[in-house]
Amino acid sequence: MTAQILDGKALAEQLRTTFKTRVAALMARNTCPGLAVILAGEDPASQVYVRNKVNACEAADVFSQKIIFPADVPQNALLAKIAELNADAAIHGILVQLPLPRHIHEASVLAAIAPEKDVDGFHAENLGALAQGVPRFIPCTPYGVMKMLETHRVDLPGKEIVIIGRSNIVGKPMALLLIHAGATVTVCHSRTRDLAAHTRRADILIAAAGKPRFISADMVKPGAIIIDVGVNRLPDGKLCGDVDFEAARETASLITPVPGGVGPMTIAMLLANTIEAAERKAEAAAAK
Ligand code: NAP
């Protein structure tokens, strides 16, 4: 069996058309959705991610503001900027690009973002709401994965799903969403014994470890769906996922490529959350 490709780039492109319609409707109500992206330091990968997010905003007619701090920025300066953006009526979403420089306490910075502008969904209040099954903002990468599964009409109730990775931004929120969707979810991590025994049981395998091509074809159940969240740079400069794509696609039924899979969907869902934040604010203003 050769797996069908789950094309995140094409799906993100389709979504962008619907975003433009929603932005036009907001403009008609004198609201232009606005996203502020904060970057601290010169990490090349983060610079690329920020540039991609800002470009995606432009393409969708969403206003964006890029705020760059040097790597040695004092934490107070970051917090002061976030307080200013929290109060800025033109900004509906605030995103702090992670990872932050080592001297910055990440949780304190994320906690400073107004929950109603937390379009990454990383604020404890928003992660708590997600855990309770009443999400306000769904973190963009797991949201993008859910959208891909939904678009391909993947039936989730009762499915055995194995997630590799337990980070706050991918693994944990992904597990919460899938539990609420009725799947049986196993979360693996670096301390998991016999990873392959888990992955071979998976109807749907979601890899988010950040280890280049470490999921081999013999770790995949025949006919499984593979979602490869990993983005790894190889010595030759090319990108690859956590899964050995060429080998695993001969075993799987549906597989995401890297690049062109989950990455574009993450950015699309960031736009979705930003537009949603602006729509909620416009609704609230209209109700007054
Ligand atoms: P992270 O915070 O480093 O978490 C990695 C997770 O993988 C950890 O839970 C770790 O376990 C686990 N892990 C590492 N090695 C493992 C192994 N050999 N076996 C089993 N589990 C292992 O990373 P992240 O932020 O979640 O990101 C994960 C990957 O997704 C990265 O490649 C990142 O670049 C990519 N990513 C892509 C997108 C996108 O839009 N496509 C978005 C976000 C992230 P421990 O907890 O035990 O250490």
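All of these numbers come straight from a predicted model, not from anything done at the bench. (Residues numbered from 1 in each chain as written. Predicted model: local features only at pLDDT ≥ 70, side-chain atom pairs only at ≥ 80, totals over all residues. Heavy atoms only, no water.)

A look at the overall build of the chain
Next, step 1: Counting its secondary structure elements, the chain contains 10 helices and 11 strands.
Next, step 2: For a compact globule of 288 residues, the expected C-alpha radius of gyration is about 19 Å, and the chain comes in at 19 Å, within 12% of that figure.
Next, step 3: Each principal axis of the C-alpha atoms in the chain carries an extent, and together these give about 55 × 40 × 35 Å.
Next, step 4: Within the chain, the fraction of its 288 residues that count as buried is 49%.
Next, step 5: Summed over its atoms, the accessible surface of the chain is roughly 13300 Å², and 54% of this surface lies on carbon and sulfur atoms.
Next, step 6: One way to put it: in the chain the 30 positive side-chain charges average out to a point 1 Å from where the 29 negative ones average out. (Helix = DSSP H or I, 4+ residues; strand = E, 2+ residues; numbered from the N terminus. Rg over C-alpha atoms; globule rule 2.2 N^0.38 Å. Buried < 20%, exposed > 50% of the residue type's maximum accessible area, 1.4 Å probe, protein only. Areas by Shrake-Rupley, 256 points an atom, 1.4 Å probe, with all protein chains shown as cover. Lys, Arg positive; Asp, Glu negative; His and termini not counted. Charge placed at Lys NZ, Arg CZ, Asp CG, Glu CD.)

Observations concerning the environment of Lys117
Next, step 1: By the secondary structure assignment, Lys117 is in the loop between helix 4 (106–112) and helix 5 (124–131).
Next, step 2: In this structure Lys117 comes out as buried when scored by relative accessible area, which is 7%.
Next, step 3: A sequence separation of 102 residues divides Lys117 from Leu15, and the C-alpha atoms of the two residues are 21 Å apart.
Next, step 4: Look past the residues within four positions of Lys117 in its chain and what remains in contact with it is Leu85, Asn86, Ala87, Asp88, Ile91, His92, Gly93, Ile94 and Phe137.
Next, step 5: A polar contact is formed between the side chain of Lys117 and the backbone oxygen of Ile91, at a distance of 2.8 Å. (Contact = heavy atoms within 4.5 Å. Polar contact = N/O pair within 3.5 Å; in protein donor to acceptor, adjacent residues only side chain to side chain.)

Focus: the site of the ligand
Next, step 1: Arg166, Ser167, Ser190, Val231 and Thr266 are the nearest of the 21 residues found near the ligand.
Next, step 2: The separation between an oxygen atom of the ligand and a polar side-chain atom of Arg166 is 2.7 Å.
Next, step 3: Protein chains shield 70% of the accessible area of the ligand, which is 920 Å² for the free molecule.
Next, step 4: Tallying contributions element by element places helix 10 (residues 262–287) first for the shell around the ligand, with 3 residues.
Next, step 5: A class-by-class count of the residues in the shell around the ligand yields 9 nonpolar, 10 polar and 2 charged. (Near = heavy atom within 4 Å. Nonpolar A, V, L, I, M, F, W, Y, C, P; charged D, E, K, R; others polar.)

What about the sheet that holds strand 4 (residues 93–96)?
Next, step 1: What the 3 strands build is an open sheet, ordered 3-2-4; its pairing is parallel. Each edge of the sheet is formed by a strand with only one pairing partner; in this case those strands are strand 3 (63–69) and strand 4. Across the sheet, the axes of successive neighbouring strands diverge by a mean angle of 15°, strand direction being ignored.
Next, step 2: Inspection of the sheet shows strand 2 (residues 34–40) paired to strand 3 by 7 bridges, in the parallel sense. Along strand 3, the bridge assignment pairs Ala40 with Phe69.
Next, step 3: Against the sheet, helix 2 (residues 44–59) makes contact with strand 2, strand 3 and strand 4, and its axis sits at roughly 170° relative to strand 2, the strand it touches most. (Pairing = 2+ DSSP bridges. Axes fitted to C-alpha atoms, helices over the stretch in contact; angles between N-to-C directions.)

Considerations on helix 5
Next, step 1: Within helix 5 the residues assigned to the buried category are Asn126, Ala129 and Leu130. Buried residues in helix 5, looked at end-on, bunch into an arc of 100°, giving them a common side.
Next, step 2: Summarising the contacts, the buried residues of helix 5 are in contact with helix 7 (171–180).
Next, step 3: Immediately beyond the C-terminal end of helix 5, within one or two residues, lies Gly133, with a positive phi of roughly 85°. (Arc of directions from axis to C-beta.)

A short note on the pattern of salt bridges
Next, step 1: Scanning all chains against the criterion turns up 9 salt bridges.
Next, step 2: Among the ionic pairs, Arg16 bridges to Glu13, the shortest N-O distance being 3.5 Å. Pair noted here: Arg16 and Glu13 are both in helix 1 (residues 8–28), with a separation of 3 residues, about one helical turn.
Next, step 3: On the basis of relative accessible area, Glu13 is assigned to the partly exposed category, the value being 46%.
Next, step 4: Among the salt bridges present, the one from Glu125 reaches Arg136, with a minimum N-O distance of 3.2 Å. Taken together, the residues Glu125 in helix 5 and Arg136 in the loop between helix 5 and helix 6 (140–151) connect sequence positions 11 residues apart. (Salt bridge = Lys/Arg side-chain N within 4 Å of Asp/Glu carboxyl O.)

Observations regarding the domain arrangement of the chain
Next, step 1: If you check the domain split of the chain, you get domain 1 (30–116) and domain 2 (140–263).
Next, step 2: Put simply, the middle of domain 1 and the middle of domain 2, counted by C-alpha atoms, are 28 Å apart. (Domains from an automatic or database assignment.)

Things to note about the side chain of Asp118
Next, step 1: Secondary-structure assignment places Asp118 in the loop between helix 4 and helix 5.
Next, step 2: Apart from residues no more than four positions distant in its own chain, Asp118 is found in contact with Ile94, Ile113, His123, Asn126 and Phe137.

Some remarks on the sheet that holds strand 1 (residues 4–5)
Sheets are built from strands paired through backbone hydrogen bonds, the pairs being either parallel or antiparallel.
Next, step 1: Within the open sheet, the 6 strands sit side by side as 1-11-8-7-5-6. Their pairing is parallel. Only two strands of the sheet have a single neighbouring strand rather than two, namely strand 1 and strand 6 (184–188).
Next, step 2: As paired strands, strand 1 and strand 11 (residues 254–255) are joined by 2 bridges and run parallel to one another. Its bridge partner lying in strand 11, Ile5 is registered against Ile255.
Next, step 3: Packing against the sheet, helix 7 makes contact with strand 5 (160–164), strand 6 and strand 7 (204–207), and its axis sits at approximately 170° to strand 5.

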